[in-house]
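Residue-level listing of the chains:
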Amino acid sequence: MNAVVKQEDSRHRLLEVAATEIYENGYQAASIATILAKTGLSKGALYHHFPKKLVLGYAVLDEIFIPNCMARWTQALNDSDPISSISAFLREGLACTTDENIRLGCPINNLSQEMSPIDEGFRQRINAALTYWRKSTEEAFKRGQQAGTVSLRINTVHNATFFVASMEGMIGLIKSAQNRELLDECTQGFIGYLEGLRP
């Protein structure tokens, strides 16, 4: 393995382990010592790639949390019948959500609550991701209107904003309740809401 590949492998391992540590404990409580112990890398190797903890936190958000979350939603929204595709996505999510997912919640939602009030870098990144999600949902509703699968009477901006805000609220509600039945109730509620957007 040449030096460049080895460095990239080390960076990737640091990001993956840091993502798990931040997801489980939050950014502020995430332990650099634990990250190093789990990767087997030195502090020098960490600081070669990430000069300070904040840079590491931003990289985890930019390269792991946001792309992973947005990729799943983008796939669900890229359809001429967004109501059916989003509903299918929600049902699939309900089926594969683990107790650990319920306990820990959504990493972006978690960091939004923890870090947006105290760090502008985190706030801007999270706001950009949520804005992208809202715009993508709006565009999906507009495509649905053009295809005749979404009612022309709805305001796509208002409904996209309501949908994303409600999803984020649902995630926080379920995490606080630690209740799988509530997850099922919320999912069915969302699907019912979406069906109400049909022509």
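What you see is a predicted model, and the numbers here were worked out from it, not measured in a lab. (Residues numbered from 1 in each chain as written. Predicted model: local features only at pLDDT ≥ 70, side-chain atom pairs only at ≥ 80, totals over all residues. Heavy atoms only, no water.)

K.L.:
Is there a simple way to explain the side chain of Asn109 in this structure?
P.N.:
Within the secondary structure layout, Asn109 lies in helix H7 (residues 107–115). Not counting residues within four places of it along the chain, the set of residues in contact with Asn109 comprises Glu168 and Ile171. (Helix = DSSP H or I, 4+ residues; strand = E, 2+ residues; numbered from the N terminus. Contact = heavy atoms within 4.5 Å.)

K.L.:
Before we go on, may I ask you to explain the packing of aromatic side chains in this structure?
P.N.:
The relative placement of two aromatic rings is captured by the distance of their centres and the angle of their planes. Applying the stated rule across the entire model yields seven aromatic pairs. Seen from their ring centres, Tyr58 and Phe122 are 5.2 Å apart, and the 65° between their planes marks the pair as edge-to-face. One end of the pair, Tyr58, is in helix H4 (residues 53–77); the other, Phe122, is in helix H8 (residues 120–147), and 64 residues separate them in sequence. Aromatic side chains Trp73 and Trp133 sit 5.0 Å apart centroid to centroid with 40° between the ring planes, which places their arrangement in the tilted category. Separated by 60 residues along the polypeptide, Trp73 in helix H4 and Trp133 in helix H8 bring together distant segments of the chain. By relative accessible area, Trp73 is classed as buried at 9%. Grouped by ring-pair contacts, the aromatic residues Trp73, Phe89, Trp133, Phe163 and Phe190 constitute a single cluster. (Phe/Tyr/Trp six-rings, centres within 6.5 Å; stacked < 30°, edge-to-face > 60°. Buried < 20%, exposed > 50% of the residue type's maximum accessible area, 1.4 Å probe, protein only.)

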